[in-house]
Amino acid sequence: MSKNYILGVFDDEATLVDAFEKIKAKGVLPVEVYTPYPVHEILEGMGNKTRITHAAFFYGLFAAIGILGFLTYAAVIDWPLRYGGKPFNAFPSFIVVTIVATILSITLLTLFTFSARAKVFPGKKPEIFHPGATDDKFVMVLDKESLGQNAETVQAIIKEHGVVE
Amino acid sequence: MYNSEVRGRLIDGDKSYSQISREILAPIHAKTPLWWYGALLVSLSMFGWGLYCKYITVSTGIGTWGVNNSIAWGWAIINFVWWIGIGHAGTAFSIFLLILRQKWRTSINRAAEAMTVVAVFCAALFPLLHMGRPWLFFFIFPYPNTRGPLWVNFNSPLFWDFVAISAYLLISASFWYFGMVPDFATIRDTAKSKIKKAVYGFFSFGWTGSSREWLRFEALSFVLGGIAAVLVVSVHSIVATDFAVSVETGWHTTIFPPYFVVGAIFSGFAMVLTLVITMRAMYKMNDFITDRHVDAIARVLIFISLIMGTAYMTEIFMAWYSGSEYETYMFFRTRLFGEYAVQFWTMFIANAVIPQLFWFKAVRRRMWMVFVISIIINIGMWFERFNIVVTSLSRDYLPANWASYSPTYVEIGFFIGTLGMFLTGVLLFFRFIPMIAISELKSVAKFDKPNNGKLKPATHE
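The written sequence of each chain sets the order in which its residues are numbered from 1. Chains and ligands are labelled by the order in which they are written, letters from A for the one and numbers from 1 for the other. In keeping with the predicted nature of the model, local features appear solely for residues at pLDDT of at least 70, side-chain atom pairs appear and are counted solely at 80 or more, and the whole-chain, interface and lining totals rest on all residues.

A. Seen up close, the overall build of chain B. The helix and strand inventory of chain B stands at 16 helices and 0 strands. The quantity called the radius of gyration is restricted to C-alpha atoms. Its globule counterpart is 2.2 Å times the number of residues to the power 0.38. For chain B, the C-alpha radius of gyration of 23 Å lies close to 23 Å, the compact-globule estimate for 461 residues. Taken along the three principal axes of its C-alpha coordinates, chain B extends 75 × 55 × 45 Å. We call a residue exposed when 12 or fewer other C-beta atoms sit within 10 Å of its C-beta, buried when the count reaches 20 or more, and partly exposed for counts in between; the C-beta positions come from the backbone. Burial statistics for chain B: of 461 residues in total, 48% are counted as buried. It is the C-beta atoms, placed from the backbone, that decide contacts: two residues are in contact if theirs lie within 7 Å. Sequence-distant contacts, at least 24 apart, represent 80% of the contacts inside chain B between residues at least 6 apart. In this description a helix means any DSSP run of H or I spanning at least four residues, a strand means any run of E spanning at least two, and both kinds are numbered starting from the N terminus.

B. Spatial organisation of the interface of chain B and chain A. Residue-level contacts link 61 residues of chain B with 57 residues of chain A. Listing elements by their share of the side of chain B that touches chain A, those giving two or more residues are helix H2 (17–29), helix H6 (157–190), helix H8 (211–244) and helix H16 (438–445) of chain B. A total of 18 residues in the side of chain B that touches chain A trace back to one element, the largest contributor, which is H8 of chain B. Looking at the side of chain B that touches chain A, its residues break down into 33 nonpolar, 19 polar and 9 charged. Three categories are distinguished: nonpolar for Ala, Val, Leu, Ile, Met, Phe, Trp, Tyr, Cys and Pro, charged for Asp, Glu, Lys and Arg, and polar for the others, with Gly belonging to the last.

C. Focus on unusual backbone geometry. Not every positive phi belongs to a glycine, and Lys-119 of chain A is a case in point at roughly 55 degrees. Here Lys-119 of chain A shows up in the loop between helix H4 (91–117) and strand S3 (138–143). A positive phi is found at Lys-284 of chain B, a non-glycine position, where the angle reads about 50 degrees. With respect to the helices and strands, Lys-284 of chain B occurs in the loop between helix H9 (256–283) and helix H10 (291–321). By the C-beta count within 10 Å, which is 12 here, Lys-284 of chain B ends up exposed.

D. Quick peek at the environment of Phe-203 of chain B. Topologically, Phe-203 of chain B is positioned in helix H7 (residues 194–203). What makes Phe-203 of chain B partly exposed here is the crowd of 18 C-beta atoms within 10 Å.

E. How the structure looks around the nonpolar core. Core membership is restricted to buried Ala, Val, Leu, Ile, Met, Phe, Trp, Tyr and Cys residues, and these are joined into a nonpolar core through C-beta atoms within 7 Å. In terms of nonpolar packing, the biggest core is built from 180 residues, with Met-115, Phe-269 and Val-272 of chain B touching the most fellow members. The domain boundaries here were taken from an automatic or database domain assignment. Mapping this core onto the domain boundaries places at least three of its residues in each of domain 1 (5–49 + 127–164) and domain 2 (52–117) of chain A. The residues touching Met-115 of chain B, leaving out its near neighbours within four places in the chain, are Ile-86, Ala-89, Gly-90, Met-271, Val-272 and Leu-275 of chain B.

F. The arrangement of the environment of Leu-150 of chain B in detail. In this fold, Leu-150 of chain B is placed in the loop between helix H5 (109–130) and H6. Not counting chain neighbours up to four residues away, the residues in contact with Leu-150 of chain B comprise Trp-79 of chain A together with Asn-145 of chain B.

G. Inspection of the packing of H9 of chain B against helix H14 (residues 367–394) of chain B at higher detail. Residues and elements named next belong to chain B. Geometry is summarised by axes, namely lines fitted to C-alpha atoms with helices restricted to the contacting stretch, and by angles between N-to-C directions that run from 0 to 180 degrees. Where H9 meets H14, the closest approach of the two axes is 9 Å, and the angle between their N-to-C directions is 145 degrees. The crossing of H9 and H14 is left-handed. Judged by residue contacts, Gly-263, Phe-266, Ser-267, Ala-270, Met-271, Leu-273, Thr-274 and Ile-277 of H9 engage Met-367, Val-370, Phe-371, Ser-374, Ile-375, Ile-377, Asn-378, Met-381 and Glu-384 from H14. Among the residues making up the contact of H9 with H14, the classes are represented as 11 nonpolar, 5 polar and 1 charged. When the near helix sits turned anticlockwise from the far one by under a right angle, the crossing is termed left-handed; a clockwise turn instead gives a right-handed crossing.

H. Structural context of the pairing of strand S1 (residues 5–10) of chain A. Residue and element names in this part refer to chain A. Relative to S3, S1 is paired through 6 bridges, and the arrangement is antiparallel. Residue pairing across strands places Tyr-5 opposite Asp-143, the latter belonging to S3. One ladder, built from 2 bridges, connects S1 with strand S4 (residues 163–164); its direction is antiparallel. Across the sheet, the residue bridging to Val-9 is Val-163, located in S4. Between any two strands, pairing holds if DSSP finds at least two bridges.

I. View of helix H12 (residues 341–353) of chain B. Among the residues of H12 of chain B, those classed as buried are Phe-344, Met-347, Phe-348, Ala-350 and Asn-351 of chain B. At its buried positions, H12 of chain B is contacted by H10, helix H11 (325–336) and H14 of chain B.

J. Just the confidence of the model for chain B, in detail. Residue and element names in this part refer to chain B. Looking at chain B as a whole, its pLDDT mean stands at 86, while 95% of the residues score no less than 70. At the low end of the mean pLDDT range in chain B sits helix H1 (residues 4–7), at 48; at the high end sits helix H3 (residues 34–60), at 93. Below pLDDT 50 for its whole length, residues 1–6 participates in 6 contacts with residues either more than four positions away or in separate chains. As a per-residue quantity, pLDDT reports the predictor's confidence and falls between 0 and 100. Contacts of residues 451–461 to residues separated by more than four positions or lying in other chains number 16 contacts, the stretch itself having pLDDT below 50.

K. Representation of helix H4 (residues 75–99) of chain B within the structure. Residues and elements named next belong to chain B. One less than the residue count of a helix, multiplied by 1.5 Å, gives the span that helix is expected to have. Over its 25 residues, H4 runs 35 Å from end to end, which matches the ideal 36 Å to within 8%, given 1.5 Å per residue. Along its length, H4 shows its largest kink, about 35 degrees, at Ala-92. The buried count for H4 comes to 22 of 25 residues, which makes it a mostly enclosed element. A positive backbone phi angle near 55 degrees is found at Arg-101, which sits one or two residues after H4. Bend is computed residue by residue as the angle between axes fitted to the seven residues ending at the residue and the seven residues starting at it.

Listed below in structure tokens is the structure:
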């Protein structure tokens, strides 16, 4: 696609992972790896970390406190009404709404976080290195300059099972 | 960890990855078959009839329904609970089978989730129109208003229900949609027509399948899956509290929430069966939705059917054992052997007896039989809701309040309208959306491949 990149294109997960690990052993990390489905060896090997699960926990924590606070404010402080002989602060019956609305908040906020961090949002132009990567190809993108004197070895590793493009 | 040999193959026919994409996307790229237009016409006319009945409901009023002072809840709440129950299957399938690491879910979860979204839409219409003045619907939101501000009653199960249903709709729709993003990208990259490329390109949100995206995508599914599991249980429990916290005979029981959740999953799984058997028949998806998938769902149904039977008998036992004359009267003189005996026994036989035929392999292997039983279960589940709603309301504590109920054509038309809406949704889903999760299927396809030994054991949960 571009002069500055070489692509290693593989037909299955096993050969991709094999080549990925050999190349990594040479001290070269691909710029990015594109696969039709998540391959865990690659996700771990690329060294990226995601904190989405932590973010979700804190969204949930703050949402739960906020919602419970709001219910208490509305039903106990702002305009107390007695329903069916229950006390104003009918705490147990607030829990139901708190749980469900917390789940909703976590979902929506986590989705937005995902959208922002993975840069997947409506109207985005995809950067496609190889159109087969969402279909049946496992594509490794390497930066030519960072290869240095390893260029030939890396190409040889790719060619063992894959194709250089 | 399960071994694929023990569990049977997940996909038939040794397919390559591109074959998987091509075959699942075939209905999107191929010419639309004639039966599809025919079916769409039928469902749209049902939908149109429903619209007319809704128009009558709104313009004239709830008086056009057969409900009365004693039986204030009729078909509207029956159908509401029925649709919500069907809507439970999608999340139950996606989430419970995900948590239980059942890889066979990958062939079915997309269809089940689609069904969920449409069914919850259908369900939401009933309480909305039962309000009588649906344009004042926003009164149920707790927003700062000029009436005080007078807040809604946070102690009321009807408000809980509103929160639960809205949350469930939003969450199941977004879970479904984000699961489809990688598949939309596959369509974008494999489609030949420019329009398809542009449209699916837009919906794919610029997905490329990079490791950064997948990493976060997996974390997202993990989070959403984990919390939606709580939601599956809580939503129908909340629907059950609509009944259980009232002081009506036959409703005022603690068994209601679990009984409703199980019933919901039961009817949902049955509807999933109906749907996937249709997909197999109409779109030749037999290699992806194999006999083993149908078999597995049928076996789950045997188990749930046993729970249903137990729940029915527990209710009857408790009515007798409690010594409460009202409960005894309700169960023995009204439901079992009274005015509503036909409805009761239809429910009992369709839900607790007929699904037991799935014990026989010969039944599970004959698709038409599975199909018929899945329909029978859904009819049985409808009667369960009829049984709960109408019998209890018709026999009040005061005999002076006793009344009968039969629906008018407006209520029936409303229900038919939602059936039409559901079918329309399903047909559009068949035509425009990959009906099986392609990327998830690819991730489990390798477990069928002979070169399995070369791979490290990777799990895709």
